[in-house]
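Descriptive structure summary
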Amino acid sequence: MLVEPPTSAPSAAAPPSAAAHPSVPAPRTAAPRTASAAVAVAAGGGAPAPAGYWRRLLPVLAVLAVVTRLPSFRHILWNPDEGFLAVQARMLADGGELYETVVDRKPPLLPWLYAAAFAVFGDESLRPLKVLAVLSQLLTALVLAATARERWGDRAGRTAGVLYLLVSIGLNPEDAQAATFEIFMLPFTAAAVMYAGKGRWGAAGLAVAGAVLVKQTGGAVLVPVLWLLWRSSPRRSSPRRPAPSGPSARGPSARGPSARGPSGRGTYARRAGPLRLGLAFALPLTAAALLTDPSGFVFWTVTGSGAYAAFTGSELHVLSRGLANTALLGAACAGLVPPVVRVLRIARTGAADLWLWLASSAAAVLLGLHFFGHYYLQLLPPLVLLATAALQVLPRARLATALLGSAGACALFLTWGLLAPRPELAHAVRLAAEVRHRTAPQERVLLWGMHPETYWLADRDPASRYLTAGLLTNYSGGRDGPQVGERYGVAGAWPVLVRELHGSPPALIVDDSRGKPYAAERLPTLRRLLARYYRPLPDPVDGAVLYVRTTGG
């Protein structure tokens, strides 16, 4: 991960006015023009940085990261995305090729990570991936702490790191506790903004590329990065002025992008910034395409998802999901939002890149209009930094209120995660046991449903590269309206499925649709195949119908 070792902030003495009147918040006596200046006035320009700053903060954040992720270890897995990645990793280990015989609408970095973890620790458990998710959350908190400390001082660094971990589980546990895409994307997005704020455009470009290679919506962080690049351009940069001698110039609060410009490395470096950023962003993406299949990479990650991102279908259902997840995140961030609203004008003035980051992340959540809970995790890093900036200009009591409110919400979501049942997981476990009973280890199976984890739990190879019915019917986005069926699946998928099933017929087909719009009887191709070559077993498993091959089928 692209994390620069933090350095100690310069020491400075508190200004006399703050020392003489500690109970009077500075922003009430003089309205600063930027958030950085406001912090300098309110916090006295920063206290001397202790040599063991990170040595003290790291254990606190590590404990918080472990505690908030404890529910993730309670269940075998939390959602179908984990199961999808686990099955993909096994297929890659067996010689599968990404975007050829192993397909999904996601970039390759996380399937590769799962495959690497399975190669090292075995493929029977997701615990190593859950540990990596804890480390990923810790890394995100550390990067946010480093960013806040660089901009606003030591106290701000501690505030940002702690607040992030407290609010990081503020969604349905199926979304917040799963070791999936957003969890591993956030360290890259946080690092991209941190490096852009320092004018390190090559590192920022690599971080943006890393985010995109985990999930496409990670590219939203390119908006604040490009804004910081524009701010550092020769035309936008003013001549270097003598360092002011007043209190507002002392301490780490004077070192952020709003105080000195992101680069500070001269005209040549600023002109080279766009080239460095562009090359560092493009090269990893090009390498990923070449390491897989270039045309397949482009199709599965960009051009082949038009129907999935379409608006039509189940608008009321999707809207209710969006409102519910927004309410959950709002409850988790109840301690963060009031400070941001209270000093909205000041925070906007001194943190335009953070507002752009939040806005572009919100656009990424809206993209496709699916509103899954884990999409909302992308909003947390910019929201935490904005709240941290706001808390620096408010009375210190507001910080305690924000921390206590966030800790209380965290406790509620933590309890929910530790007690939450997983009925769909229980169904997948029972179905996997039946699949193991009905098939031999070397036989292939087709699971017609939305729970690919059953392949992994049953330890049986899939009969097709399409691990869910969603890829073949466009049900992947939770749509149950008119745009579900054969004609709405991934382009060219049905002929490939027919060739796969005829070339190596599965010993067992499981129709796990249970009345959903992608049920086999609604799909002519699958319905004909089942009628001609298979017969249903008399006893369904929780509504899932099992089909075995007929004699000579």
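In this text, all values refer to a predicted model and were calculated from it rather than measured experimentally.

Each value, and the rule that gives it
Residues numbered from 1 in each chain as written. Predicted model: local features only at pLDDT ≥ 70, side-chain atom pairs only at ≥ 80, totals over all residues. Heavy atoms only, no water. Helix = DSSP H or I, 4+ residues; strand = E, 2+ residues; numbered from the N terminus. Buried < 20%, exposed > 50% of the residue type's maximum accessible area, 1.4 Å probe, protein only. Contact = heavy atoms within 4.5 Å. Areas by Shrake-Rupley, 256 points an atom, 1.4 Å probe, with all protein chains shown as cover. Expected span 1.5 Å × (residues − 1). Pairing = 2+ DSSP bridges. Axes fitted to C-alpha atoms, helices over the stretch in contact; angles between N-to-C directions. Salt bridge = Lys/Arg side-chain N within 4 Å of Asp/Glu carboxyl O. Parallel < 35°, antiparallel > 145°, perpendicular 65-115°, else oblique. Left-handed = near helix turned anticlockwise from the far one by under 90°. Nonpolar A, V, L, I, M, F, W, Y, C, P; charged D, E, K, R; others polar. Phe/Tyr/Trp six-rings, centres within 6.5 Å; stacked < 30°, edge-to-face > 60°. Polar contact = N/O pair within 3.5 Å; in protein donor to acceptor, adjacent residues only side chain to side chain. Right-handed = clockwise from strand over helix to strand, strands pointing away.

**With respect to the overall build of the protein chain**
Each helix and strand in the protein chain was counted, giving 26 helices and five strands. Scored against the burial criterion, the 553 residues of the protein chain give a buried share of 55%. A sequence separation of at least 24 residues applies to 79% of the contacts in the protein chain between residues at least 6 apart. Accessible area of the protein chain: about 23000 Å², with a carbon and sulfur share of 62%.

**Describing the environment of A93**
Structurally, the position occupied by A93 is in helix α5 (residues 80-93). Taking the relative accessible area as the measure of exposure, A93 reaches 67% and is therefore exposed. Residues A93 and A116 lie 23 residues apart in sequence; the distance between their C-alpha atoms is 9.1 Å.

**A few points about helix α7 (residues 127-152)**
The terminal C-alpha atoms of α7, which comprises 26 residues, lie 37 Å apart, in line with the 38 Å expected from a rise of 1.5 Å per residue. Here α7 lies mainly inside the structure; 21 of its 26 residues are buried. Of the residues trailing α7, G153 is marked for its positive phi of about 115°.

**Observations concerning the sheet that holds strand β4 (residues 534-536)**
The mixed open sheet is built from five strands, whose spatial order is β2-β1-β3-β5-β4. Where the open sheet ends on each side, the last strands, each with one partner, are β2 (461-462) and β4. Of the strand pairs in this sheet, β4 and strand β5 (residues 545-549) are connected by three bridges, and their pairing is antiparallel. The residue of β5 that forms the bridge with R535 is V548. Helix α22 (residues 423-438) rests against β1 (444-448), β3 (508-511) and β5 of the sheet, and its axis sits at about 160° to β3.

**What to know about the pattern of salt bridges**
Following the criterion strictly, the structure yields 14 salt bridges and no others. A salt bridge links K198 to E150; the nearest nitrogen and oxygen atoms lie 3.8 Å apart. Here K198, found in the loop between α10 (181-197) and α11 (201-214), pairs with E150, found in helix α7; they are 48 residues apart in sequence, far enough to count as distant. The pair formed by K198 and E150 is uniform in burial state, with each residue classed as buried. Between K215 and E182 there is a salt bridge, and its shortest N-O distance comes to 2.3 Å. Note that K215 is positioned in the loop between α11 and α12 (222-231) and E182 in helix α10, a separation of 33 residues in sequence. On the basis of relative accessible area, K215 is assigned to the buried category, the value being 8%.

**Considerations on unusual backbone geometry**
With phi around 50°, R514 is a residue other than glycine that occupies positive phi space. The topology assignment puts R514 in the loop between β3 and α26 (524-533). In the Ramachandran plot, D542 falls in the positive-phi region, its phi being about 55° despite a non-glycine side chain. Locating D542 in the fold gives a position in the loop between β4 and β5. Its relative accessible area of 39% is what places D542 among the partly exposed residues.

**Some thoughts on the packing of helix α4 (residues 53-68) against α7**
Here α4 crosses α7 at 140°, and the two axes come no closer than 9 Å. The angle between α4 and α7 places the two elements in the oblique class. For the element pair α4 and α7, the recorded crossing hand is right-handed. Across the interface between the two elements, Y53, W54, L57, L58, L61, A62, A65 and V66 of α4 pack against V134, L138, A141, L142, A145, A146 and R149 of α7. Taken together, the residues of the contact of α4 with α7 sort by class into 14 nonpolar, no polar and one charged.

**With respect to the packing of aromatic side chains**
A complete count under the given rule lists eight aromatic pairs for this structure. Residues F299 and W300 carry aromatic rings whose centres are separated by 5.4 Å and whose planes lie at 90° to one another, so their mutual orientation is edge-to-face. Plain terms: the ring middles of F372 and Y375 are 5.6 Å apart, the flat faces sit at 90° to each other, and that makes the pair edge-to-face. Summarising the burial analysis for this pair, F372 and Y375 share the class buried.

**Some details on the environment of G199**
Positionally, G199 belongs in the loop between α10 and α11. In the structure, G199 is positioned 30 residues away from L229 in sequence and 7.7 Å away in space, judged by C-alpha atoms.

**Comments concerning the side chain of H427**
Along the chain, the position of H427 falls in helix α22. Judged by relative accessible area, which is 3%, H427 ranks as buried. Side-chain polar atoms of H427 contact the side chain of D512, separated by 2.9 Å.

**Focus: the pairing of β1**
Of all five residues in β1, four are buried, a share of seventy percent or more. Where β1 lies against β2, two bridges are found, and the strand directions are parallel. Paired with V445 across the bridge in β2 is P462. Handedness of the crossover joining β1 and β2 through helix α23 (residues 453-458): right-handed.

**Topic: the pairing of β3**
Residues of β3 alternate between two faces, with L508 and V510 on one and I509 and D511 on the opposite face, all of them buried. Pairing of β1 with β3 involves four bridges; the strand directions are parallel. Paired with L446 across the two strands is I509, which belongs to β3. As judged from the four bridges shared by β3 and β5, these two strands associate in the antiparallel manner. Bridge assignment links V510 to a residue of β5, and that residue is L546.

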